[in-house]
Amino acid sequence: YQSATGTVDPGPQGRALLDDLEAARDRLAARSTLYGHARLCIHTANQPHSEGKDCVSCGECFVGCARGSIFSTVPLMSAWQAQGRIAYRSGLHVEQIKQTDGRAVVCAMDVGTKTRLELPFDAVFLAAGPLNTTRILLRSASLYDKPIRLKESQKFAIPLIRAKARPSAIEVPSVTLASAFIETRTEALSDHWIHVQVVPMNDMIATATKLPFRGVGGALTRPILRRTMIAWCGMHSDHSSWVETTLRQGQDGDLLELDHGHEPAALRAARTVAYDLFRKGLMFKTLFVPNIIRVSNPGSGTHCGGSFPMREVPKDRCDTDSLGRPFGWNNVYVVDAASLPSIPGTTLAMPVMANAQRIATLAPLG
């Protein structure tokens, strides 16, 4: 965060949508609905570290930005490595962690030489991603054959038809990431926020739906494309499916088995949200199409975690304390989404980063 952030043009469709949302602001607020420009991690002009990377709205977001305008941690980490602030050890496969004589010991295998190493540290902050963090911790505690459930934020996509026809990103190159964020509560479901990201019609969507957008065919479908946008919606883990992980011992090494559960309640929840969006969309001249939704498969990997949830007072073997420390250990901290008690429907990256910073700040390293 900084005092002055850059701006990204949401394109003709996005601007019209935001204008209609603004016109319905008071009515939407009364229905527990907030909105605004999408919060995007994109380099913009006159911003720190954006030299040569500022977004030029070329419309190629989903196929790979040639300018590197979409934020990545790689340049930052590379700079820190060059400055000697961090040491990056590649080619090591972490198998488990143990606590010995008050120190955290990382047990790893050198994938090149197949030799095993034990690396002692004053503290270990574990952020291998929810699945690998779960694998490492299960092996560290020899918790074989114990099913561990990962929570996730189930996603679904829903098309929306706009009253106003505006040139799409196919015709007028513009950012094809989200134009607007909408946060809403569905009273018939719960008090949890539903996150809605609305993206403009673009080449990728048109191709996926087999709609022609060039030549004669494009001339025929253009009136439809100019009114069509897609909403990508996320629900709280209380209303979502789940993924179950189990660590098994095998002759060739440990294996992390994955299974998933299609919760019928998750599909019902998605439909409930879709019909609620239909009713609210009418307030800002937008027709959400609730009978045409595509629900993500469980374990699609977008937003998941909660396998070693933080608790004020840990009770279960796989609970961690309020600093993400598992198994009663003193100097191993889980700082990725595996330590979250639940998974919100809203965007997850910044809450995970904020929690990691909180743990790193409060961790007693002395």
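For the structure, check the block above.
In this text the structure is predicted, and so the values were computed from the model without any measurement.

Enquirer: Would you explain the layout of surface pockets in this entry?
Expert: Over the atoms a probe the size of a water molecule is rolled, and this reveals where empty space is left. Roughly 200 Å³ of internal volume is contained in the second largest pocket. Taken together, 14 residues make up the lining of the second largest pocket; nearest its centre are Gly59, Glu60, Thr176, Asn202 and Asp203. A class-by-class count of the residues in the lining of the second largest pocket yields eight nonpolar, three polar and three charged.

Enquirer: What is the right way to read unusual backbone geometry from this model?
Expert: A negative phi angle characterises most non-glycine residues, just as the trans form characterises most peptide bonds. For serine 57, which is not glycine, the phi torsion reads 55 degrees and is therefore positive. Tracing the backbone through its elements, the reader meets serine 57 in the loop between β1 (33–37) and α3 (74–82). The backbone phi angle of lysine 210 is positive, close to 60 degrees, even though this residue is not glycine. Examined against the element boundaries, lysine 210 turns out to sit in the loop between α5 (203–208) and α6 (215–225). You can call lysine 210 exposed: its relative accessible area is 72%.

Enquirer: What is the right way to look at empty space enclosed by the protein in this model?
Expert: The tally for this structure, following the rule as stated, stands at three cavities of 30 Å³ or more. A volume near 100 Å³ is recorded for the largest cavity. Residues that form the lining of the largest cavity fall into these classes: eight nonpolar, four polar and two charged.

Enquirer: Which parts of the structure should I look at to understand α6?
Expert: Because an α-helix completes one turn every 3.6 residues, residues spaced three or four positions apart along the sequence face the same direction. Gly218, Thr221 and Leu225 are the residues of α6 that are buried. Projected down its long axis, α6 carries its buried residues within an arc of 85 degrees, all on one side. Within α6, the exposed residues directed more than 90 degrees away from the buried face are Val216 and Leu220. Looking at the packing, one finds that the buried side of α6 touches α1 (11–23) and β10 (228–234).

Rules behind the numbers
- Residues numbered from 1 in each chain as written.
- Predicted model: local features only at pLDDT ≥ 70, side-chain atom pairs only at ≥ 80, totals over all residues.
- Heavy atoms only, no water.
- 1 Å grid on protein atoms, 1.4 Å probe; cavity = no way out; pocket = protein on both sides within 12 Å on 5 of 7 lines; lining within 4 Å.
- Points joined across faces, edges and corners; volume = space filled by probe spheres on them.
- Nonpolar A, V, L, I, M, F, W, Y, C, P; charged D, E, K, R; others polar.
- Helix = DSSP H or I, 4+ residues; strand = E, 2+ residues; numbered from the N terminus.
- Buried < 20%, exposed > 50% of the residue type's maximum accessible area, 1.4 Å probe, protein only.
- Arc of directions from axis to C-beta.
- Contact = heavy atoms within 4.5 Å.

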